[in-house]
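Here is how the chains run, residue by residue.
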Amino acid sequence: MSAAGPPQGARPLGGAARSDARGDPTSAATLLVELLTEELPPKGLKRLSEAFAREVHDALRTRDFVGARGVVTVFATPRRLAVTITDVLATASDKPFKEKLLPVSVAFDASGKPTPALIGKLKARQLSHLDPSTLGREHDGKAEVLFYADVAKGGPLATALQAALDEAISALPIAKVMSYTGAGGFYNDRKFVRPAHGLVALHGADIVPVRALGLEAGRVSAGHRFLGRADLHIASADAYEPTLEAEGKVIASFDKRRAEIVAALEQASEHARVIMPDALLDEVTALVEWPAVYPGTFDRAFLEVPQECLILTMQQNQKYFALADDAGALRHRFLLVSNLRCEDPSAIVHGNERVLRARLADARFFYDQDRRTSLESRVERLRGVVYHNKLGSNAERVDRLVYLAKKIAPLLGADPAHAERGALLAKADLVTDMVAEFPELQGTMGRYYALHDGEPAVVANAIEQHYWPKVAGGALPEDPVAQSVALADKLESLVGMFGIGQAPTGDKDPMGLRRAALGVIRILIERAHRVSLPVLADLAFDAFNAIPAVTREPGGLLDFIYDRLRGYLRDQGYTTLEVAAVVDAHPEAIDNLPARLAAVRAFGMLPEAESLASANKRIANILKKSGGDAAASVDRALLNDGAEHDLYAAVQVLLPLVHGHVHRGDYTEALRALASARGPVDRFFDDVMVMADDRALRANRLALLRGLAEAMNQVADISKLAA
């Protein structure tokens, strides 16, 4: 967009500025940019406003209009995106610059006269008026070059802000734009997230003459649709927020509005616990400009419906906040956030209670209808629900889960019959009315319906908990039966998708395979199950034997899981090198890795650690390069040097000592024991030539090093700790 002329009554910035005022900090003032629109998407408002503010600020800072002292304040309401930035210059500072022209050897001939190449270069740069002899010279590392130096005058804010606005609007994270007709424009000639109707741009008290989305900047904003003035004249950028609040009945700051809502909810709760997830708070904050919280009630009879259903109905359909007692039981009260503050809100409350009553009646109807049909009888209906076009129906998936859960259960000490039953019923609630209405309740409703059908509690819990953990750091399945079904579910997803070549790429992971792999890792480690990852992968591939589309290549899947394992352990606070020491060898069982990592960290603090890690790295390289030259065992008769005898004796002591500590799970003591080997190891490498010309001698020394490596690496590959 090109900058238009200033609107009537505006005072353009920079045009009347004195030349000696360019870049003068005293010309700095607060900048305001506000874009007025129709109601913006509430779920994306916070992200949209933050992106708008960031893009405008970054673009101006890149152009040297904002210094390090500039403070950015983000504003967002249902009908506006706005930002203020303090200490913005009216005119950018002058900037010295240096421009390379030509090598001196090319610019001047043998007699020192300018060449046609230099004359042409100066003409092209509009520098023909310069005396070539006055141009600077310097060496650029390759040759002496001719350069031109000058000071670029800073441009006006209007030009920079116009470019910043254009860049910001084009960079906004808008999933889907609307086409609309601008004032005086052609049909659907504008495109934005919602139709824009006003633009405010002020630097201090002055209007900045810019345009955006066909709108010319002015100083007129808009207040609350019903409570405030429709046209609000903003005297200055610093007066923006207080003017909106006092005259427009608009709390422009998203964060301030959210905080007021939270405080009002707590005050209206009457000591009950307000169930207010962040996503709901953000969405409600994005729906109101002048919030008011009012309490409402519903019939106690609805509390017979599982409270998860009632809470979701209130949150998703009506944007209400449910209330619970200290024990977590739902109360028959709720809180609503209105965009109208009034002395008598009874009409608002009664209207919302009436709407909620109908919603809760629907939920009760779904619940009653679903319980008329057992979960087991619903399993066959899963054959009509496609899981994946290459992997069959959900019923075929259930068959695989049953097979896997029954195989995994004994490895976890669970009852295979209960695990099999839990896996059979795990997906049956997908074809219930309640889950069709609220997909978030899958598993949760399965547990309620299983208990109603008379299933054992351990089976019902497995139905709900096999989806756990649902989020990073979320709760894990509580008992071995639920853990067996959860592992079966996650491994089936991983093997199925990897088997048909649908591994995650980049940031895309539509099937949640990273979350599934992390779930497997957390269950095995945090529930302390010593189970082989390769064995689990093989069992999962076995479950797909009847699916030709699935290629059996466990290597890629295991690499994927070990990569997630590295991230999981780094999140526990361990360094990349520490994690590499225990993970790079792809240990089959991973339950003891946290204990091994703690031992590695303790070992790293020993004064002998650096030397032993370096020696271990050297040993690994020697053994790798030697191929299979090492002898089967050490022949003491071939130990010639005293250092060899000392190292051999140290290894004989270390091997059983370290093995005993490892067997007892005392990994820290196992690694501490290695400290005694530092002296013999150092002397060995100082005095002994490992790769001797004598083949038998060389093989014997390699065998000695192999035994030492075995002693040193039972807990972790400490060579990974060497820098």
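Computed from a prediction, not measured in an experiment: that's the story for all the values here.

Peer 1: Looking at this structure, how should I read the overall build of the chain?
Peer 2: A tally of helices and strands in the chain yields 26 helices and 20 strands. For the chain, the C-alpha radius of gyration of 36 Å lies well beyond 27 Å, the compact-globule estimate for 723 residues. Residues counted as buried form 49% of the 723 residues belonging to the chain. Within the chain, contacts between residues at least 6 apart in sequence are counted, and of these 68% link residues at least 24 apart.

Peer 1: I'm lost on the confidence of the model for the chain in this one. Help?
Peer 2: Should the pLDDT be low somewhere, the predicted coordinates at that spot are not to be read in detail. Per-residue confidence for the chain averages 90 on the pLDDT scale, and 96% of its residues sit at or above 70. Residue range residues 1-23 is modelled with pLDDT below 50. Its contacts to residues more than four positions away, or to other chains, number 42 contacts.

Peer 1: Honestly, the packing of helix α11 (residues 394-412) against helix α16 (residues 480-499) in this entry has me stumped. Any pointers?
Peer 2: The geometry of a pair of packed helices is captured by two quantities: the angle between their axes and the separation between those axes. Interhelical geometry of α11 versus α16 gives an angle of 130° and a closest axis separation of 8 Å. Comparing their axes, α16 and α11 come out oblique. Viewed along their axes, α11 and α16 form a crossing whose handedness is right-handed. Mapping the contact onto sequence places Arg397, Arg400, Leu401, Leu404, Ala405, Ile408, Ala409 and Leu412 in α11 and Pro480, Gln483, Ser484, Val485, Leu487, Ala488, Asp489, Leu491, Glu492 and Ser493 in α16.

Peer 1: Whenever I open this one, the pattern of salt bridges confuses me. Can you help?
Peer 2: Where charged atoms from two side chains of opposite charge come close, those side chains can pair. Within this structure, the stated rule accounts for 42 salt bridges. Across the pair Asp370 and Arg378 runs a salt bridge, and its minimum N-O distance is 3.7 Å. Of the two residues examined, Asp370 and Arg378, each falls in the buried class. With a closest N to O distance of 2.9 Å, Arg552 and Asp542 form a salt bridge. Highlighted residues: Arg552 in the loop between α18 (533-542) and α19 (554-571) and Asp542 in helix α18, separated in sequence by 10 residues. By relative accessible area, Arg552 is classed as partly exposed at 40%.

Peer 1: Just to check I follow, could you spell out the nonpolar core for this structure?
Peer 2: As a rule of thumb, nonpolar side chains are buried together in soluble globular proteins. Residues Ile408, Leu494, Leu565, Leu569, Leu674 and Leu705 are the most contacted members of the largest nonpolar core, which totals 106 residues. Take this core: its biggest share by element is 11 residues, from α16. When residues no more than four places from it in sequence are discounted, the contact partners of Leu494 are Leu513, Ala516, Ala517, Val520, Leu557, Phe560 and Ile561. Residues Val33, Ala168, Ala201 and Ala217 belong to the second largest nonpolar core, which totals 44 residues.

Peer 1: Just checking my understanding: could you explain the sheet that holds strand β16 (residues 292-297) for this structure?
Peer 2: Two strands in a sheet stick together by hydrogen bonds in their backbones, pointing the same way (parallel) or opposite ways (antiparallel). An order of β15-β17-β18-β16 is seen for the 4 strands of this open sheet, with the pairing classed as antiparallel. For this open sheet the edge positions go to β15 (273-275) and β16, each flanked by a neighbour on one side alone. Averaged over all pairs of adjacent strands, the angle between strand axes in this sheet comes to 35°, irrespective of strand direction. Sheet strands touched by helix α6 (residues 254-268): β15, β16, β17 (321-324) and β18 (330-338). Its angle to β18, the strand with the most contacts, is close to 145°.

Peer 1: What's the story with unusual backbone geometry in this structure? I'm lost.
Peer 2: A negative phi holds for most residues other than glycine; trans holds for most peptide bonds. Note the cis peptide between Trp468 and Pro469, where omega equals -10°. Relative to the assigned elements, Pro469 resides in the loop between α15 (457-465) and α16. The residue Lys249 is not glycine, and still its phi comes out positive at about 55°. Its identity as a non-glycine residue notwithstanding, Ala528 has a phi of 55°, on the positive side.

Peer 1: Just checking my understanding: could you explain the sheet that holds strand β6 (residues 144-152) for this structure?
Peer 2: Sheet architecture is open: 3 strands sit in the order β4-β6-β5, paired in antiparallel fashion. Looking at strand neighbours, the two that pair on one side only are β4 (95-103) and β5 (136-139), the edges of this open sheet. Put simply, the sheet's adjacent strands are angled 40° from each other on average, direction ignored. This element, helix α3 (residues 116-124), spans β4 and β6 of the sheet and lies at about 150° to β4.

Peer 1: Just checking my understanding: could you explain the pairing of strand β2 (residues 72-77) for this structure?
Peer 2: Side chains on a regular strand alternate between the two faces of the sheet. Pairing of β2 with strand β3 (residues 80-88), which is carried by 6 bridges, proceeds in the antiparallel orientation. Looking at β3, one finds that Ala76 is bridged to Leu81.

Peer 1: Hey, could you run me through α18 in this one?
Peer 2: The periodicity of an α-helix, 3.6 residues per turn, causes residues three or four places apart in sequence to face the same way. Of the residues making up α18, those classed as buried are Leu533, Leu536, Ala537, Leu539, Ala540 and Phe541. Taken together, the buried residues of α18 touch α11, α16, α17 (513-526) and α19. For α18, the side-chain oxygen to backbone nitrogen distance between the N-cap and Val535 is 3.2 Å, and the N-cap itself is Ser532.

Peer 1: Whenever I open this one, the packing of aromatic side chains confuses me. Can you help?
Peer 2: By the definition in use, this model includes 6 aromatic pairs. Summarising the aromatic geometry, the rings of Tyr367 and Tyr449 are spaced 6.0 Å apart at their centres and angled 25° between planes, so their arrangement reads as stacked. Of this pair, Tyr367 sits in helix α9 (residues 346-370) while Tyr449 sits in helix α14 (residues 444-452), placing them 82 residues apart in sequence. As far as the burial class goes, Tyr367 and Tyr449 line up, both buried. Directly above the ring of Tyr448 sits Arg447, whose terminal nitrogen or CZ lies 5.7 Å from the centroid. In this structure, Arg564 is placed above the aromatic ring of Phe560, and the distance from its NZ or CZ to the ring centre is 4.7 Å.

Peer 1: What's the story with the pairing of β17 in this structure? I'm lost.
Peer 2: Covered by surrounding structure in β17 are Phe321 and Leu323 together with Ala322 and Ala324, the residues of both alternating faces. As paired elements, β15 and β17 share 3 bridges and run antiparallel to each other. The residue bridging Ile275 from the neighbouring strand is Ala322, located in β17. For β17 and β18, the ladder comprises 3 bridges, and the chain directions are antiparallel. Across the sheet, residue Ala322 finds its bridge partner in β18, namely Phe334. The loop that links β17 with its antiparallel partner β18 comprises 5 residues; one of these, Gly328, has a positive phi angle of about 95°.

Peer 1: Teacher, can you tell me more about a nonpolar patch on the surface here?
Peer 2: A contiguous nonpolar surface patch, about 280 Å² in accessible area, is contributed by Phe226, Leu227 and Leu340. With a relative accessible area of 31%, Leu340 lands in the partly exposed category.

Peer 1: Honestly, the side chain of Ser49 in this entry has me stumped. Any pointers?
Peer 2: Mapped onto the secondary structure, Ser49 falls in helix α1 (residues 45-62). Contacts of Ser49, omitting those with residues within four sequence positions, involve Val74, Phe75, Ala76 and Leu81.

Peer 1: For this particular structure, what's the right way to read the environment of Gly446?
Peer 2: By the element assignment, Gly446 lies in helix α14. Judged by its relative accessible area of 0%, Gly446 falls in the buried class. Between the C-alpha atoms of Gly446 and Ala703, which are 257 residues apart in sequence, the distance is 60 Å. Aside from chain neighbours lying at most four places away, what touches Gly446 is Leu375, Asp429 and Ile463.

Peer 1: How should the environment of Asn461 be read in this particular structure?
Peer 2: By secondary structure assignment, the location of Asn461 is in helix α15. The spatial distance from the C-alpha of Asn461 to the C-alpha of Gly443 is 8.9 Å, given a sequence separation of 18 residues.

Peer 1: What is the right way to look at α9 in this model?
Peer 2: If you check α9, its first and last C-alpha atoms are 36 Å apart, about what 25 residues at 1.5 Å a residue would give, namely 36 Å. Residues of α9 that are buried include every one of Val349, Gly351, Glu353, Leu356, Leu360, Ala363, Phe366, Tyr367 and Asp370, and no others. Of the surrounding elements, those touching the buried residues of α9 are β16, α8 (307-318), β18, α10 (375-378), α13 (433-437) and α14.

Peer 1: Just to check I follow, could you spell out the environment of Thr313 for this structure?
Peer 2: As for its placement among the helices and strands, Thr313 is situated in helix α8. Take Thr313: its relative accessible area is 1%, and that puts it in the buried class. In this view, Thr313 contacts Gln318, Arg359, Leu360, Ala363 and Phe438; residues no more than four positions away in its chain are not counted.

Conventions we followed
Residues numbered from 1 in each chain as written. Predicted model: local features only at pLDDT ≥ 70, side-chain atom pairs only at ≥ 80, totals over all residues. Heavy atoms only, no water. Helix = DSSP H or I, 4+ residues; strand = E, 2+ residues; numbered from the N terminus. Rg over C-alpha atoms; globule rule 2.2 N^0.38 Å. Buried < 20%, exposed > 50% of the residue type's maximum accessible area, 1.4 Å probe, protein only. Contact = heavy atoms within 4.5 Å. pLDDT = per-residue confidence, 0-100. Axes fitted to C-alpha atoms, helices over the stretch in contact; angles between N-to-C directions. Parallel < 35°, antiparallel > 145°, perpendicular 65-115°, else oblique. Left-handed = near helix turned anticlockwise from the far one by under 90°. Salt bridge = Lys/Arg side-chain N within 4 Å of Asp/Glu carboxyl O. Core = buried A, V, L, I, M, F, W, Y, C linked by side-chain atoms within 4.5 Å. Pairing = 2+ DSSP bridges. Polar contact = N/O pair within 3.5 Å; in protein donor to acceptor, adjacent residues only side chain to side chain. Phe/Tyr/Trp six-rings, centres within 6.5 Å; stacked < 30°, edge-to-face > 60°. Lys NZ or Arg CZ within 6 Å of the ring centre and 35° of its normal. Patch = residues over 30% accessible without salt bridge, like charges linked within 9 Å, V, L, I, M, F, W, Y side chains within 5 Å. Areas by Shrake-Rupley, 256 points an atom, 1.4 Å probe, with all protein chains shown as cover. Expected span 1.5 Å × (residues − 1).

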